[in-house]
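Chain by chain, the residues run as shown.
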Amino acid sequence: MFALKIAARYLVAPKSHNVVNVIAVIAVVGVAIATAAMVVVLSVFNGFSDLAARNLSRLDPQLQVTRADGRVIADGDSLAAALKAVPGVAAAVPVLSERALAVTATAQTAVVFKGVPDGYTGVANVGEAIIDGEYATHNSSGVPAAQLSVGVSNALLARPDAEAPLHLYVPRRQGRINPANPAAAFRGSELVVSGVYRIDQPDEDADHIIIPLDVARDLLAYDTEASAVELALAPDTDTGRMQKEISRLCGPDMLVLDRLQQRTEAFRMISVEKWVTFMMLIFVLVIALFNIVSTLSLLIIEKRNDMRILRSLGTRRGTVRAIFACEAWLITLIGGLAGLLLGVGLTLAQQYGKFIRLAGDAQALSIESYPVRLDAVDLAATFAAVVATGLVTAAVVRLLTKKI
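None of these values were measured; they are calculated from a predicted model.

With respect to the overall build of the protein chain
Right, on to step 1. Along the protein chain, the regular secondary structure elements total 12 helices and 10 strands.
Right, on to step 2. Taken over 404 residues, the protein chain has a buried fraction of 44%.
Right, on to step 3. Long-range pairs, those at least 24 residues apart, make up 79% of the contacts in the protein chain between residues at least 6 apart in sequence.
Right, on to step 4. Accessible area of the protein chain: about 20,700 Å², with a carbon and sulfur share of 60%.

This is the structure we're talking about:
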């Protein structure tokens, strides 16, 4: 306590050289700005993660059941019917996904199609993502209809049109291939384009399309097989509890995934970027450490006479060194706490005031301002980084005062 009291007096007392005061203020401000930057940047990553989750939820089911080995489910229709009977499940539908070649009169491109049944809107509200045309599984003449992602629409130069055909081709899954007739090695189907959708996710918007389930099964020569069974839950149903219940019912051969688990790679990348940025900002905090060491070096020179007096009064050498170590702690913690308050204030101001807006056409943007969200874990990690910096600074200062 003695060392802490002396350090507090040294921190607020005027110095004989103004430069010491100036450098002390710069050190505190440097720590505060670095800490506030850490809070704000981590909150921005949280905001974009939430935005990605909201966009994906428009097409991703609440729960998805797939085989653990990645193969198709042998009787997807029966499994869907059985899961639909589970209390708490509002809808369960089989879907079938595969890669194909999409061809129009003017262009062609590789796509990933997803075959869905007529009741698919009960699982994923595709209509909310449609930006051109409308969602329909068949046109008025009964011709199967496809929903193109915006990337496929641009690649094929295709828009909703009841007359212009869209052809899908996949390699034959069964039978022999005749080298003299390469075209016979493919199965094809003709559709029309009913709608174009966008969910602001590059991997989804680039090459995905949605087609009727019966068309997908015909292309792949399947009867009741499915890549997955997708589920929608009744309102106010606990997703985690239902995930465990359905996992128990399906057995170890099946995986039951929630929305975040269905997009593990995308969210893992956001998390990696977030914490790599956090580590880079810690280096900025470490740079502020040099300002603290500079301040204390000047303070040690200025207070040499005081240290001699304390030593002559019987103060132990370790206590004298502890005074300057406490001074380093005080500067670091004051700057860190000020930075935390500043970061929290800026984040809340952006969260509710939305004063930093994205440049560009508002109609073409899915959001108008930078999304942010405070997270207690981020605040704890930032404070831990400040404390660790304080420890390192105090250790360096103890080395500088070793001969006092």
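Considering helix 3 (residues 76-84)
Right, on to step 1. The set of residues buried in helix 3 consists of Gly76, Leu79, Ala80 and Leu83. Take helix 3 and look down its axis: the buried residues cluster within an arc of 100°, on one side only.

With respect to a nonpolar patch on the surface
Right, on to step 1. Taken together, the side chains of Phe48, Leu342, Leu346, Phe355, Ile356 and Tyr370 define a hydrophobic patch exposed on the protein surface, amounting to about 530 Å² of accessible area.
Right, on to step 2. Following the sequence through the fold, Phe48 ends up in helix 2 (residues 18-57).
Right, on to step 3. Assessed through its relative accessible area of 31%, Phe48 is described here as partly exposed.

Digging into the environment of Met280
Right, on to step 1. If you trace the backbone, Met280 turns up in helix 9 (residues 264-302).
Right, on to step 2. With a relative accessible area of 54%, Met280 lands in the exposed category.
Right, on to step 3. Between the alpha carbons of Met280 and Met38 there is a distance of 9.5 Å; along the sequence they are 242 residues apart.

Focus on helix 6 (residues 213-220)
Right, on to step 1. Burial analysis of helix 6 places 6 of its 8 residues in the buried class, which makes it a mostly covered element.
Right, on to step 2. Looking at helix 6, one finds that the buried residues are Leu213, Val215, Ala216, Arg217, Leu219 and Leu220.
Right, on to step 3. Contacts made by the buried residues of helix 6 are with helix 3, strand 2 (89-103), strand 3 (108-116), strand 6 (161-171), strand 7 (186-197) and strand 8 (208-212).
Right, on to step 4. The positive-phi residue at the C-terminal boundary of helix 6 is Ala221, with phi of around 60°.

Regarding the layout of surface pockets
The gaps left among the atoms become clear once a water-sized probe is rolled over them.
Right, on to step 1. Reported here for the largest pocket is a volume of approximately 630 Å³.
Right, on to step 2. The leading source of residues in the lining of the largest pocket is strand 2, at 4 residues.
Right, on to step 3. Looking at the lining of the largest pocket residue by residue, the classes come out as 17 nonpolar, 7 polar and 8 charged.

Some words on the packing of aromatic side chains
Right, on to step 1. Summed over the entire model, instances satisfying the criterion amount to 1 aromatic pair.
Right, on to step 2. Seen from their ring centres, Trp275 and Phe278 are 5.3 Å apart, and the 80° between their planes marks the pair as edge-to-face. Here Trp275 pairs with Phe278, and both are found in helix 9, just 3 residues apart, close to one helical turn.
Right, on to step 3. You can call Phe278 buried: its relative accessible area is 7%.

A few points about unusual backbone geometry
Right, on to step 1. The phi torsion at Ala221 lies on the positive side, around 60°, for a residue other than glycine.
Right, on to step 2. Position of Ala221 among the secondary structure elements: in the loop between helix 6 and strand 9 (228-233).

Regarding the nonpolar core
Right, on to step 1. Grouped together as the largest cluster of nonpolar side chains are 24 residues, with contacts concentrated most on Phe113, Leu148, Leu168, Ile209 and Ile211.
Right, on to step 2. Mapped onto this core, the elements with two or more residues apiece are strand 2, strand 3, strand 5 (145-149), helix 4 (150-156), strand 6, strand 7, strand 8 and helix 6.
Right, on to step 3. Those residues in contact with Leu168, other than ones at most four positions away along the chain, are Ala100, Leu101, Ala102, Val111, Arg187, Gly188, Ser189, Leu191, Ile209, Ile211 and Leu219.

Side note on the side chain of Gln350
Right, on to step 1. Structurally, the position occupied by Gln350 is in helix 11 (residues 317-353).
Right, on to step 2. Only 3.0 Å separates the side chain of Gln350 from the backbone nitrogen of Ile356, close enough to count as a polar contact.
Right, on to step 3. For Gln350, the residues in contact, after removing those within four places along its chain, are Phe355, Ile356, Ser369, Tyr370 and Val372.

What counts and what doesn't
- Residues numbered from 1 in each chain as written.
- Predicted model: local features only at pLDDT ≥ 70, side-chain atom pairs only at ≥ 80, totals over all residues.
- Heavy atoms only, no water.
- Helix = DSSP H or I, 4+ residues; strand = E, 2+ residues; numbered from the N terminus.
- Buried < 20%, exposed > 50% of the residue type's maximum accessible area, 1.4 Å probe, protein only.
- Contact = heavy atoms within 4.5 Å.
- Areas by Shrake-Rupley, 256 points an atom, 1.4 Å probe, with all protein chains shown as cover.
- Arc of directions from axis to C-beta.
- Patch = residues over 30% accessible without salt bridge, like charges linked within 9 Å, V, L, I, M, F, W, Y side chains within 5 Å.
- Salt bridge = Lys/Arg side-chain N within 4 Å of Asp/Glu carboxyl O.
- 1 Å grid on protein atoms, 1.4 Å probe; cavity = no way out; pocket = protein on both sides within 12 Å on 5 of 7 lines; lining within 4 Å.
- Points joined across faces, edges and corners; volume = space filled by probe spheres on them.
- Nonpolar A, V, L, I, M, F, W, Y, C, P; charged D, E, K, R; others polar.
- Phe/Tyr/Trp six-rings, centres within 6.5 Å; stacked < 30°, edge-to-face > 60°.
- Core = buried A, V, L, I, M, F, W, Y, C linked by side-chain atoms within 4.5 Å.
- Polar contact = N/O pair within 3.5 Å; in protein donor to acceptor, adjacent residues only side chain to side chain.

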